[in-house]
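Each chain, letter by letter, is given below.
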Amino acid sequence: SKQHIVNIVEVGPRDGLQNEKGAVIPVETKVELVERLVRAGVSNVEAGSFVSPKWVPQMGGTADVLKRLTKERGVHYSVLVPNQRGLDDLLLLLAQQQLTDLGSPPLTDEISVFVAATDAFNKANLNCTVPESLQKIAAVTEAATKHGLRVRGYVSVVIACPYSGRTDYHKVREVASALLNMGCYEVSLGDTVGMGRPHEVAEMLDVVKRSVPVEQLAGHFHDTYGTAIANVLTALEHGVRTIDASVGGLGGCPYSPGATGNVSTEDVLYALQGSQYHVAGRNGGTINLEEMVDIGWWISEKLGRESASRVGRALRAK
Ligand code: HMG
Ligand code: MG
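Summarised in this report is the structure supplied together with it.

Bringing the overall build of the protein chain into the picture now. Looking only at helices and strands, one finds twelve helices and eleven strands in the protein chain. The C-alpha radius of gyration of the protein chain comes to 18 Å, within 12% of the 20 Å expected for a compact globule of 318 residues. Each principal axis of the C-alpha distribution contributes one length, and for the protein chain these read about 50 × 50 × 40 Å. Sequence separation of 24 or more characterises 76% of the internal contacts of the protein chain that already satisfy a separation of 6 or more.

Our focus in this paragraph is the site of ligand 1. Surrounding ligand 1, one finds 27 residues, the nearest of these being Lys54, Arg85, Asn127, Ser156 and Thr192. One of the side-chain nitrogen or oxygen atoms of arginine 14 is found 2.9 Å away from an oxygen atom of ligand 1. Looking at the shell around ligand 1 residue by residue, the class counts come to twelve nonpolar, eleven polar and four charged.

Now for helix H2 (residues 27-39). Taking 1.5 Å per residue as the helical rise, H2 with its 13 residues ought to reach 18 Å, and the 18 Å between its terminal C-alpha atoms agrees with that figure. Regarding H2, the residues found buried are Val27, Thr29, Lys30, Val31, Leu33, Val34, Arg36, Leu37 and Val38. Each element contacted by the buried residues of H2 is listed here: strand S1 (4-10), helix H1 (12-16), strand S2 (44-49), helix H3 (62-68), strand S3 (76-80) and helix H11 (289-302). Glycine 41 occupies a position one or two residues after H2 and carries a positive phi of about 115°.

One pass over the structure, following the stated rule, counts one aromatic pair. The cationic tip of arginine 36 hangs over the ring face of tryptophan 298; the distance from NZ or CZ to the ring centre is 4.9 Å. Against the face of tyrosine 154 rests arginine 152, its NZ or CZ located 5.5 Å from the ring centre.

Let us now look at the pairing of strand S4 (residues 110-116). With seven of seven residues buried, S4 is to be regarded as a mostly interior element. Taking every second residue as pointing to the same face, both faces of S4 are buried, with Glu110, Ser112, Phe114 and Ala116 on one and Ile111, Val113 and Val115 on the other. Relative to S4, S3 runs parallel, the two being bridged by two bridges. The residue of S4 that forms the bridge with leucine 80 is serine 112. Looking at chain direction, S4 and strand S5 (residues 150-156) are connected through seven bridges and run parallel. Considered in S5, the bridge of serine 112 is made with arginine 152.

Turning next to the packing of helix H5 (residues 119-126) against helix H6 (residues 130-146). Interhelical geometry of H5 versus H6 gives an angle of 55° and a closest axis separation of 9 Å. Between H5 and H6, the angle falls in the class oblique. Across the interface between the two elements, Asp119, Asn122 and Leu126 of H5 pack against Val130, Pro131 and Ser133 of H6.

Moving on, we get to the packing of helix H9 (residues 228-237) against helix H10 (residues 265-272). One can describe the packing of H9 onto H10 by two numbers: an axis separation of 10 Å at closest approach and a directional angle of 55°. One finds that H9 runs oblique with respect to H10. In terms of crossing hand, the pair formed by H9 and H10 is right-handed. Of the residues in H10, those touching H9 at Ile229, Val232, Leu233 and Leu236 are Asp267, Val268, Ala271 and Leu272. Residues that form the contact of H9 with H10 fall into these classes: seven nonpolar, no polar and one charged.

This part takes up unusual backbone geometry. Of note in this structure, asparagine 127 is not a glycine but carries a positive phi near 65°. Relative to the helices and strands, asparagine 127 is located in the loop between H5 and H6. With relative accessibility at 58%, the residue asparagine 127 sits in the exposed group. Residue asparagine 283 is not a glycine yet carries a positive backbone phi of 50°. The residue asparagine 283 is located in the loop between strand S11 (277-280) and H11 in this model. Owing to a relative accessible area of 63%, asparagine 283 belongs among the exposed residues under this scheme.

Cut-offs and rules
For every chain, the first residue of the written sequence is number 1, and numbering continues from 1 along that sequence. Written order determines the labels here, with chains lettered from A and ligands numbered from 1. Local features in this predicted model are restricted to residues of pLDDT 70 or higher, and side-chain atom pairs are both shown and tallied only at a pLDDT of 80 or more, whereas totals for entire chains, interfaces and linings draw on every residue. Side-chain descriptors were evaluated using all non-hydrogen atoms of the structure, hydrogens and water having been removed beforehand. Comment: elements are numbered from the N terminus, with helices defined as DSSP H or I runs of at least four residues and strands as E runs of at least two. This radius of gyration counts C-alpha atoms alone. The globule rule is 2.2 Å times how many residues there are, raised to the power 0.38. The criterion used for residue contact is that any of the two residues' heavy atoms lie within 4.5 Å. Only a single heavy atom is needed: when it lies within 4 Å of a molecule or strand, its residue is near that molecule or strand. Counted as a polar contact is a pair of N or O atoms within 3.5 Å, where, for protein atoms, one must be capable of donating a hydrogen and the other of accepting one, and residues adjacent in sequence contribute only when both atoms are in side chains. The classification used treats Ala, Val, Leu, Ile, Met, Phe, Trp, Tyr, Cys and Pro as nonpolar, Asp, Glu, Lys and Arg as charged, and all other residues, Gly among them, as polar. For a helix, the expected span equals 1.5 Å multiplied by the residue count minus one. Remark: exposure states derive from per-residue accessible area (1.4 Å probe, protein chains only) relative to the maximum for the residue type, with buried under 20%, exposed over 50%, and partly exposed in between. Only Phe, Tyr and Trp rings are paired, with Trp represented by its six-membered ring, and only when their centres lie within 6.5 Å; those with planes under 30 degrees apart are stacked, over 60 edge-to-face, the remainder tilted. Here, a charge over a ring is recorded when the distance from Lys NZ or Arg CZ to the ring centre is within 6 Å and its angle to the ring normal is within 35 degrees. At least two bridges found by DSSP between two strands is the condition for calling them paired. Whenever a helix is involved, its axis is fitted only over the stretch in contact; in every case the axis is a line through C-alpha atoms, and angles between N-to-C directions fall within 0 to 180 degrees. Any angle that is under 35 degrees is reported as roughly parallel, and any over 145 degrees as roughly antiparallel; angles of 65 to 115 degrees are reported as roughly perpendicular and all others as oblique. For any helix crossing, the convention is left-handed if the near helix is rotated counterclockwise from the far helix by under a right angle, and right-handed if that rotation is clockwise.

Any functional reading would require information that these geometric values do not contain.
Printed below as a string of structure tokens:
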């Protein structure tokens, strides 16, 4: 049967670490995490956020992470940017680096922007309504594109919202279309709360696909209710070919109370082994499952707990 290429966006260093309570994770640990992920074959990695450190303290050191990372060719080290201030900070950093390290590769070539499908969640996460966010993001996307950055968009709470209940999938479609129209190359659909069921993901995708090409969609599933891997498979069956995942199942959104991490990268790799879905890794290679299991354990132990990846736990117990 036909082979399908699946891309993974590793969000552990951003979505995974942003919600950690307690001591701020050292920059060296974050750098080591990103570098290890890339060595294991990851080609798209979210390295951090240029958000307010008052809102999300763990992402405060992202500029230092970008500066210290040893960059590999063919890898996108993206950063989450919430507003013009975040983009300005990033552009200044890029300009400074070009002056001091002539000829070296840029610190990053990609940002991601984010907006919710409901006003209530958007206000909690970004302190403004969805239409206000879309207006701000349009300006950020235009400016970033002018500076040669590619822009990925996120829509949050695509299935359910912690503040307003079930999400209207037509809203998801509207917001996803708006992001693509303003120049995002891809839109990642987030089940932020992690309570989506496969049949709901299927319904949501059916609605969104009516006006958005499925080639430009990605799936971003949190695993609060244990349905994330089933939702990944559902998204793949519906033609989605890019999946966001987090090593060790790290993560959660600070503004979605009780939500757990993303689907773990190890679990996605394991579930797709030997199937019609081939996970593409860096430079035409693959992503090494055993290395990802080790990284998931290593970072989880740094955070004082065991790996939350089911496959990571099973393989470690062998
Ligand atoms: P605000 O309070 O409306 O902003 O927050 P403001 O413009 O009034 O600024 C307030 C203060 O923040 C000021 O400092 C600004 O300078 C500073 P002060 O004068 O009080 O000292 N500030 C910044 N500092 C650093 N970087 C910036 C920045 N912007 C303002 N970029 C704001 C608005 C956007 C800043 C705030 O709401 C924020 O940072 N939100 C980020 C929330 C966040 O990171 N959430 C988690 C990521 S999204 C997610 O996890 C979902 C996703 O995974 C998909 C899914 O699962 O659904 C992507
Ligand atoms: Mg998320």
